[in-house]
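One-letter residues, chain by chain:
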Amino acid sequence: MPMIDVYAAKGLIKDRKALAQELAQAIMRWEKVPVIPFFTDNTAAFVHELDAESFSSAGGSTDHVRVAVTTNAGALNREQQLGLVKEISELVASAAGDPSLAERTWVALTEAVPGGWGIGGHSYTNEELVQHVRELLAKA
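Rules behind the numbers
- Residues numbered from 1 in each chain as written.
- Predicted model: local features only at pLDDT ≥ 70, side-chain atom pairs only at ≥ 80, totals over all residues.
- Heavy atoms only, no water.
- Helix = DSSP H or I, 4+ residues; strand = E, 2+ residues; numbered from the N terminus.
- Expected span 1.5 Å × (residues − 1).
- Buried < 20%, exposed > 50% of the residue type's maximum accessible area, 1.4 Å probe, protein only.
- Contact = heavy atoms within 4.5 Å.
- Core = buried A, V, L, I, M, F, W, Y, C linked by side-chain atoms within 4.5 Å.

Participant: Help me understand helix α1 (residues 16-31), please; the structure alone is not making it clear to me.
Facilitator: The periodicity of an α-helix, 3.6 residues per turn, causes residues three or four places apart in sequence to face the same way. An ideal rise of 1.5 Å per residue puts 22 Å on 16 residues; α1 measures up with 23 Å between its terminal C-alpha atoms. The set of residues buried in α1 consists of Leu19, Ala20, Leu23, Ala24, Ala26, Ile27, Met28 and Glu31. In the core, the buried residues of α1 are packed alongside β1 (3-9), α2 (37-40), β2 (44-50), β3 (65-72) and α3 (78-96). A positive backbone phi angle near 60° is found at lysine 32, which sits one or two residues after α1.

See the structure below:
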C-alpha cells in the first residue's frame, strides 16, 4: 500500500489531516486502484512537523518541503510519476497557502522490494497483493 510522508516546518501546513487525506486519495487515483476498503483503509499519508533548525538545504534554506512516497514496484508508469509528483507539489503548496512552495517541494518516489509491504502482520509481494485484491473484488 502506498505510504506518503511529508516533512515540513512547524506551522507551515494549516490543516495537516486534510492534506494527508488529499495526498492518499491522489496516489490512489494515479495508481488507478479500485476504491475499496482494502485500499482506502491502508493507503495513508503522514505529515511530520519539524523545527526549522532541524533541516536545511546546502545553501542554508529552510523553506522547502520533502515528500517521500513509497509504492509497490511498477505501480506507476512514467506518465503517472510525472502527474503524481506535480499534483503532490501543488497540494502541498495549496495546503501551505503559498503557490511558490510547489517549486520548493522535493518528492522522492520509492518502490518497495518484493515482500516489502506489511499489512495485518503479513508481508505481501506484488503478486500476492494483486491476488488478494482480485479475491476481494470477486466477493463484492
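Participant: What is the right way to read the nonpolar core from this model?
Facilitator: Considering soluble globular proteins, one finds that nonpolar side chains tend to be buried as a cluster. Within the largest apolar cluster, 23 residues are counted, with the highest numbers of intra-cluster contacts made by Ile4, Ile13, Leu19, Leu23, Val67 and Val92. Listed by contribution, the elements that provide at least two residues to this core are β1, α1, β2, β3 and α3. Ranked by residue count, the leading element in this core is α3, at seven residues. Those residues in contact with valine 92 that lie beyond four places of it in its chain are Ile13, Leu19, Val65, Val67, Leu101 and Thr105.

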